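This is what each chain is made of:
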Amino acid sequence: MKKIVIAQPSQRVDISSKEIYTHTFTAHNLSQNKVGVTKKTASCGCTAVDIPDTIQPLEIFEIKVSVNKLGSSGIYSVHLTLEFENESHTLRLSGNILN
């Protein structure tokens, strides 16, 4: 059974080429134990993540993912893999870059 559940881990959203976009995912630690984040891997240097290093038992928490496509155009697709103790999750954002 998964300890961490992430609501809607894949999102399609259009973003602006004039500002950094930040998306907030909501997640839940379903276990009775603290769970540590052991690794964060982004698909490109344009993606950053803000997540607590340790998730408390039964905690509902936020994962903030920032995408920097300043000056870009077209379509974007980024993903971020988060590894927790003994499980991993991939978050995806994609859509159009608007001028």
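Residues numbered from 1 in each chain as written. Predicted model: local features only at pLDDT ≥ 70, side-chain atom pairs only at ≥ 80, totals over all residues. Heavy atoms only, no water.

Comments concerning the overall build of the chain
For clarity, the threshold we go by: Numbering of helices and strands runs from the N terminus; a helix is a DSSP stretch of H or I covering at least four residues, while a strand is a stretch of E covering at least two. Only protein chains enter the calculation, and the probe is 1.4 Å; a residue is then buried if its accessible area is under 20% of its type maximum, exposed if over 50%, and partly exposed in between. Two residues qualify as a contact provided that any one of their heavy atoms is within 4.5 Å of a heavy atom in the partner residue. For the charge count, each Lys or Arg is scored as positive and each Asp or Glu as negative, with His and the chain ends excluded. Where a charge lies is defined by one atom per residue type: Lys uses NZ, Arg uses CZ, Asp uses CG and Glu uses CD.
Looking only at helices and strands, one finds zero helices and 10 strands in the chain. Along the chain, helices and strands appear, N-terminal first, in the series β-β-β-β-β-β-β-β-β-β. Each principal axis of the C-alpha atoms in the chain carries an extent, and together these give about 45 × 20 × 20 Å. The buried share among the 99 residues of the chain stands at 35%. Taking contacts inside the chain between residues at least 6 apart in sequence as the whole, the part at least 24 apart equals 62%. Positive and negative charge centroids in the chain, built from 10 and 9 side chains respectively, lie 5 Å apart.

Here's the deal with the environment of T81
Operational definition: Between N or O atoms, a polar contact is any pair within 3.5 Å; within protein, one atom must be a potential hydrogen donor and the other a potential acceptor, and residues adjacent in sequence are included only when both atoms are from side chains.
Looking at the secondary structure, you find T81 in strand 9 (residues 74-84). It is 14 Å that separates the C-alpha atoms of T81 and G45, two residues lying 36 residues apart in sequence. Each residue touching T81, except ones within four places of it in the same chain, is listed here: K39, K40, T41, S88, H89 and T90. Polar contacts involving the side chain of T81 include one to the side chain of T90, which spans 3.4 Å.

Concerning the sheet that holds strand 6 (residues 47-50)
Condition: Any two strands with at least two DSSP-identified bridges between them are counted as paired. Here, axes are lines fitted to C-alpha atoms. For helices the fit covers the stretch in contact, and angles between N-to-C directions go from 0 to 180 degrees.
Read across the open sheet, the four strands follow the order 1-4-8-6; overall the sheet is antiparallel. A strand with exactly one partner marks an edge of an open sheet, and here the two such strands are strand 1 (4-6) and strand 6. Between one strand and the next, the sheet's axes are offset by a mean angle of 30 degrees, whatever the strand orientation. One ladder, built from three bridges, connects strand 1 with strand 4 (residues 21-29); its direction is antiparallel. Of the residues in strand 4, the one forming a bridge with I6 is A27.

Side note on the nonpolar core
The cut-off we apply is this: In plain words, nonpolar cores are sets of buried Ala, Val, Leu, Ile, Met, Phe, Trp, Tyr and Cys residues tied together by side-chain atoms within 4.5 Å.
Counting residues in hydrophobic clusters, the biggest one holds 23 residues, and the most contacted among them are I63, F84 and L91. Residue assignment for this core shows that the elements contributing at least two residues are strand 1, strand 4, strand 5 (35-42), strand 8 (60-67), strand 9 and strand 10 (87-98).

Structural notes on the state of the cysteines
Filter applied, for reference: By definition, disulfides here are pairs of cysteine sulfur atoms that lie within 2.5 Å.
For the coordinates displayed, the defined rule picks out one disulfide. Here C44 is linked by a disulfide to C46, with a sulfur-sulfur distance of 2.2 Å. Taking the torsion about the sulfur-sulfur bond, which here is approximately -45 degrees, the covalent link between C44 and C46 counts as left-handed. Here C44 falls in the partly exposed class, since its relative accessible area comes to 28%.

Some words on the pairing of strand 8
Side-chain alternation along strand 8 places F61, I63, V65 and V67 on a buried face and I60, E62, K64 and S66 on a face that remains uncovered. Where strand 4 lies against strand 8, eight bridges are found, and the strand directions are antiparallel. Each bridged residue has a counterpart across the sheet, and for A27 the counterpart in strand 8 is F61. Across four bridges, the pairing between strand 6 and strand 8 is antiparallel. Each residue of the ladder has a partner; that of A48, found in strand 8, is S66.

This is a description of form; function is not addressed.
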